[in-house]
Amino acid sequence: MQQLPFDKRSGKIWFNNELCEWQDARVHIISHGMHYASLVFEGLRVYNSKIFKLEEHTDRLFKSAKILDMKIPYSYNEIIEATKKLVSDQNIQNGYIRPFVWRGSEMMGVSAQSTKINVAIAIWDWPTYFDPDLKLKGIKLNISKWQRPPQNSSPWESKAAGLYMICTLSKHQAEKDGYTDSLMLDHEGNIAEATSANIFFKDENNQLHTPIPDSFLDGITRKTVIELAKSKNIKIHERKISPNELNNFKGCFITGTAAEITPVGKILDYNFEVCNLIKDLSVSYEKLVGK
């Protein structure tokens, strides 16, 4: 069934401190955020009408905006309360929240010192990111030709729109080639992340290995899973991981607000088990979020 386009949906969007009709939430096509990627955003989940990690995501939204030299014209508490009210008013039981901040149309050029900083929050129903049946046997990843840039080449600690350009290119190619998603390497050729999720590997000793987030976002779900694993006395190794090590691992999964905990069954010709450790972590995560 074809998905309804996002500009044709109904409901309300919080737009610069006002609630407007979904289809009336417009910006001009000559907008700095669209032309120069001066936009940051967040992604949050709603489970049974409760927002998961609202404070942490809002903190990161403000941090991302600061990194991109944008001062959000509303307070932290105003964004928190606006998000809660939107979920309540829209009566969203299980959904996805997208707050975002961008530069407007007052200037058009690389320098945009005098542009207005706009803020909007949208929310919609979204039960799951990957096909539930696919998650049972694990998704398939290729390895992208695009690599995460070095730390001095991008604002990698922010959730900035421009950083997702190579993610879209990577995922499109993966889907064309029959894969679900794409594994991305860093500028040194080590494993970094999937296109919009962090990655973990399980070894034969039931210990977990995950890349050090030094050129990509340290996900909030990633941190949550690490805490869950430690509470179960599962040893975590945060380290550089070479693609040459893939044959040494028995299990693999990705984590993210959208992906939650999704097992990986295959990366190119390397196969992984959807093992009990991954299943147990996934069940614990679902209990934690109130799913």
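Overview of the packing of helix H2 (residues 54–67) against helix H3 (residues 76–90)
Move 1: Running from amino to carboxyl end, H2 crosses H3 at an angle of 130°, the nearest separation of the two axes being 10 Å. By the angle between their directions, the pair H2 and H3 is classed as oblique. In this structure, H2 meets H3 at a crossing whose hand is right-handed. Contacts from Leu54, Glu55, Thr58, Asp59 and Phe62 of H2 reach H3 at Tyr76, Ile79, Ile80, Thr83 and Lys84.
Move 2: Of the residues that constitute the contact of H2 with H3, the class distribution is 5 nonpolar, 2 polar and 3 charged.

Brief notes about the side chain of Lys159
Move 1: One can find Lys159 in the loop between strand E8 (139–148) and helix H5 (165–176).
Move 2: No salt bridge is formed by the buried Lys159; its nearest oppositely charged neighbour, Glu42, is found at 5.6 Å.
Move 3: Contact partners of Lys159, with chain neighbours within four places excluded, come to Leu39, Val40, Phe41, Glu42, Gly43, Arg60, Ser64, Tyr164 and Leu217.

Thoughts on a nonpolar patch on the surface
Move 1: Judged by side-chain polarity, Ile29, Ile30, Met34, Tyr36, Met108 and Val110 come together as a nonpolar surface patch covering roughly 630 Å² of accessible area.
Move 2: Note on placement: Val110 falls in the loop between strand E6 (95–103) and strand E7 (117–125).

Reading the values: rules and limits
- Residues numbered from 1 in each chain as written.
- Predicted model: local features only at pLDDT ≥ 70, side-chain atom pairs only at ≥ 80, totals over all residues.
- Heavy atoms only, no water.
- Axes fitted to C-alpha atoms, helices over the stretch in contact; angles between N-to-C directions.
- Helix = DSSP H or I, 4+ residues; strand = E, 2+ residues; numbered from the N terminus.
- Parallel < 35°, antiparallel > 145°, perpendicular 65-115°, else oblique.
- Left-handed = near helix turned anticlockwise from the far one by under 90°.
- Contact = heavy atoms within 4.5 Å.
- Nonpolar A, V, L, I, M, F, W, Y, C, P; charged D, E, K, R; others polar.
- Buried < 20%, exposed > 50% of the residue type's maximum accessible area, 1.4 Å probe, protein only.
- Lys, Arg positive; Asp, Glu negative; His and termini not counted.
- Salt bridge = Lys/Arg side-chain N within 4 Å of Asp/Glu carboxyl O.
- Patch = residues over 30% accessible without salt bridge, like charges linked within 9 Å, V, L, I, M, F, W, Y side chains within 5 Å.
- Areas by Shrake-Rupley, 256 points an atom, 1.4 Å probe, with all protein chains shown as cover.

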